[in-house]
Amino acid sequence: QVQLVESGGGLVQPGGSLRLSCLASGFTFSISTMSWYRQAPGKERELVAFITSTGGNPNYANSVKGRFTISRDNAKNTVYLQMNSLKPEDTAVYYCNTFRVGRHYWGQGTPVTVSS
């Protein structure tokens with residue numbers, strides 16, 4: 001079965017950096033588009049970034065462009081989200097996602113708190 005396991009979240013000061021990882025299993029990772037979403041307290045879940053199977057032309061939400069970088073290692077079945085210049089408004093639970101056969105699959109989420 002599809003499994004997505006995120007890691008790398010934590011508490012960081014404004015301006016700091018974190019790298020999130022998502023280890024995937026149960027499907028053919030190398031041909032799958034992968035995404036990162038986030039959900040802040042009291043807000044709807046929103047798309048942060050996605051990357052196609054080959055890694056070309058990653059897409060980002062306007063709010064994170066120039067600060068976040070999504071990448072993938074198909075040999076390790078892992079997708080990453082490098083987050084730099086973090087702001088308090090980036091505080092959220094971050095979820096790894098893939099869409100297959102008509103449904104979304106989600107990891108358990110990893111919390112990121114940006115605070116001084």
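A short tour of the structure in this document, coming up. Keep in mind that this is a model prediction, so the values were computed, not measured.

**Focus: the overall build of the protein chain**
So, step 1. Broken down by element type, the protein chain carries 0 helices and 11 strands.
So, step 2. Going from the N terminus to the C terminus, the protein chain shows its helices and strands as β-β-β-β-β-β-β-β-β-β-β.
So, step 3. Over its C-alpha trace the protein chain gives a radius of gyration of 13 Å, about what one expects of a compact globule, namely 13 Å for 116 residues.
So, step 4. On the principal axes, the C-alpha backbone points of the protein chain span a range of 40 × 25 × 20 Å.

**Examining unusual backbone geometry**
So, step 1. In this model, Asn-57 sits at a positive phi of 50°, which is unusual for a non-glycine residue.
So, step 2. If you trace the backbone, Asn-57 turns up in the loop between strand S5 (46-51) and strand S6 (59-60).
So, step 3. In the Ramachandran plot, Ser-85 falls in the positive-phi region, its phi being about 50° despite a non-glycine side chain.
So, step 4. On the secondary structure map, Ser-85 appears in the loop between strand S8 (78-83) and strand S9 (92-100).
So, step 5. Under the relative-accessibility criterion, Ser-85 is labelled partly exposed at 40%.

**So, the sheet that holds strand S3 (residues 18-25)**
So, step 1. Reading across the sheet, the 4 strands line up as S1-S3-S8-S7 and stay open at both edges, with antiparallel pairing between neighbours. Strands with a single pairing partner mark the edges of an open sheet, and in this sheet they are strand S1 (3-7) and strand S7 (68-73). When strand polarity is set aside, the average angle formed by the axes of neighbouring strands in this sheet is 15°.

**Some details on the state of the cysteines**
So, step 1. All chains considered together, the criterion is met by 1 disulfide.
So, step 2. The side chain of Cys-22 participates in a disulfide bridge whose partner is Cys-96; the two sulfur atoms lie 2.1 Å from each other. Torsion about the S-S bond of the Cys-22 and Cys-96 cystine: about -80°, corresponding to left-handed handedness. Placement of the pair is Cys-22 in strand S3 and Cys-96 in strand S9, with a sequence separation of 74 residues. An identical accessibility class is assigned to Cys-22 and Cys-96; each is buried.

Calculation notes
Residues numbered from 1 in each chain as written. Predicted model: local features only at pLDDT ≥ 70, side-chain atom pairs only at ≥ 80, totals over all residues. Heavy atoms only, no water. Helix = DSSP H or I, 4+ residues; strand = E, 2+ residues; numbered from the N terminus. Rg over C-alpha atoms; globule rule 2.2 N^0.38 Å. Buried < 20%, exposed > 50% of the residue type's maximum accessible area, 1.4 Å probe, protein only. Pairing = 2+ DSSP bridges. Axes fitted to C-alpha atoms, helices over the stretch in contact; angles between N-to-C directions. Disulfide = S-S within 2.5 Å.

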